[in-house]
Amino acid sequence: MTDPQRVNIGKQHPAAYKALIALSAEAEKAVATAGLDPLLVELLKIRTSQINGCAFCLRMHTRDALKKGENPDRIAVLPAWEETGYFSETDRAALRLTEAITHVPDGHVSDEDYSAAAVVLTEGQISATAWLATVMNAFNRVAITSRYPVGN
């Protein structure tokens, strides 16, 4: 089966894509204002992209995380973060909330997941994490739908 040529939806509707970029910039301001570690922010982007299977965003945010000084071991074990000692309480709370938001089709953000985040994260951090996850899920869908090229 051959794939039809995909429309790059960002280029087809640039105003919509620019609005998504503007929303992303606001989410980035929110995570900074909330005091979330920039390395954690990159890990949240990577984890969202892992769940969604977005190779383009995985490559981009893995490179960004490494440039910012992220430990390659933390990136390597990110899908199994719950089983490792690499992540702080804040990291774990943000990862759990991000995963719950990304898995909304599987059962929404449960009270258990939200409450676990609320024990560790401030209201500002919860909100900023939720906005970051929302934006990353949108970018993943743009890249996947448009089949942004990755490698050969």
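**Q** I'm lost on the overall build of the protein chain in this one. Help?
**A** Summing up its helical and strand segments, the protein chain has eight helices and zero strands in all. Ordered by position in the sequence, the α and β elements of the protein chain form the string α-α-α-α-α-α-α-α. In terms of overall size, the protein chain behaves like a compact globule, its C-alpha atoms giving a radius of gyration of 16 Å where 152 residues would be expected to give roughly 15 Å. Taken along the three principal axes of its C-alpha coordinates, the protein chain extends 45 × 30 × 30 Å. The buried share of the protein chain, reckoned over its 152 residues, is 37%. By sequence separation, contacts in the protein chain at least 24 residues apart represent 69% of the contacts at least 6 residues apart. For the protein chain, the exposed surface amounts to about 8600 Å²; the carbon and sulfur share of it is 56%. Here the protein chain carries 15 positive and 18 negative side-chain charges, and the mean point of each set is 12 Å from the other.

**Q** I would appreciate a short explanation of helix H4 (residues 55–67) in the present structure.
**A** Because the α-helix completes a turn every 3.6 residues, residues three or four places apart line up on one side. A rise of 1.5 Å per residue sets the reference length of H4, with its 13 residues, at 18 Å; its end C-alpha atoms lie 18 Å apart and thus fit the reference within 8%. Taken together, the buried positions of H4 are occupied by Cys57, His61 and Ala65. The buried side chains of H4 occupy one side of the element, clustering within an arc of 60° when seen end-on. Here the buried face of H4 lies against helix H3 (38–52), helix H5 (72–76) and helix H8 (123–146).

**Q** So what exactly am I meant to see when it comes to the pattern of salt bridges here?
**A** Pairing is possible between side chains of opposite charge, provided their charged atoms come close. Applying the stated criterion to the full structure yields nine salt bridges. The salt bridge partner of Arg47 is Glu99, with a shortest N-O separation of 2.7 Å. Of this pair, Arg47 sits in helix H3 while Glu99 sits in helix H6 (residues 89–102); the two residues are 52 residues apart in sequence, bridging distant segments of the chain. Residue classification places Glu99 among the buried residues on the basis of a relative accessible area of 14%.

**Q** In this structure, what is going on with the side chain of Asn137? I would like to understand it.
**A** Within the secondary structure, Asn137 sits in helix H8. For Asn137, a relative accessible area of 8% gives the class buried. A distance of 2.9 Å separates polar atoms of two side chains, one belonging to Asn137 and the other to Asn52. Side chain to side chain, Asn137 and Thr102 meet in a polar contact 3.2 Å long. Not counting chain neighbours up to four residues away, the residues in contact with Asn137 comprise Thr48, Asn52 and Thr102.

**Q** Explain the layout of surface pockets to me, please; I cannot follow it from the model alone.
**A** Regions of empty space are outlined by a rolling probe, equal in size to a water molecule, passed over the atoms. Counted as a void, the largest pocket has a volume near 180 Å³. Among the secondary structure elements, those contributing two or more residues to the lining of the largest pocket are helix H2 (14–33), H4 and H8. Considering every element that reaches the lining of the largest pocket, the biggest residue donor is H8, with five residues.

**Q** Even after reading the chapter, I still don't get the packing of H2 against H8, so can you show me in this structure?
**A** Where H2 contacts H8, the axes come no closer than 9 Å and their chain directions differ by 150°. With respect to each other, H2 and H8 are oriented roughly antiparallel. The handedness of the crossing between H2 and H8 is left-handed. Counted together, Tyr17, Leu20, Ile21, Leu23, Ser24, Ala27, Glu28, Ala30 and Val31 of H2 and Ala128, Trp131, Leu132, Val135, Ala138, Phe139 and Val142 of H8 form the full contact between these two elements. Across the contact of H2 with H8, the residue classes tally to 14 nonpolar, one polar and one charged.

**Q** Would you explain the environment of Thr33 in this entry?
**A** Topologically, Thr33 is positioned in helix H2. Here Thr33 falls in the exposed class, since its relative accessible area comes to 70%. Remark: the alpha-carbon pair of Thr33 and Gly124, spanning 91 residues in sequence, is separated by 8.1 Å.

Scoring rules and cut-offs
- Residues numbered from 1 in each chain as written.
- Predicted model: local features only at pLDDT ≥ 70, side-chain atom pairs only at ≥ 80, totals over all residues.
- Heavy atoms only, no water.
- Helix = DSSP H or I, 4+ residues; strand = E, 2+ residues; numbered from the N terminus.
- Rg over C-alpha atoms; globule rule 2.2 N^0.38 Å.
- Buried < 20%, exposed > 50% of the residue type's maximum accessible area, 1.4 Å probe, protein only.
- Contact = heavy atoms within 4.5 Å.
- Areas by Shrake-Rupley, 256 points an atom, 1.4 Å probe, with all protein chains shown as cover.
- Lys, Arg positive; Asp, Glu negative; His and termini not counted.
- Charge placed at Lys NZ, Arg CZ, Asp CG, Glu CD.
- Expected span 1.5 Å × (residues − 1).
- Arc of directions from axis to C-beta.
- Salt bridge = Lys/Arg side-chain N within 4 Å of Asp/Glu carboxyl O.
- Polar contact = N/O pair within 3.5 Å; in protein donor to acceptor, adjacent residues only side chain to side chain.
- 1 Å grid on protein atoms, 1.4 Å probe; cavity = no way out; pocket = protein on both sides within 12 Å on 5 of 7 lines; lining within 4 Å.
- Points joined across faces, edges and corners; volume = space filled by probe spheres on them.
- Axes fitted to C-alpha atoms, helices over the stretch in contact; angles between N-to-C directions.
- Parallel < 35°, antiparallel > 145°, perpendicular 65-115°, else oblique.
- Left-handed = near helix turned anticlockwise from the far one by under 90°.
- Nonpolar A, V, L, I, M, F, W, Y, C, P; charged D, E, K, R; others polar.

Note that every value here comes from positions in space, so none of it alone points to a role or purpose.
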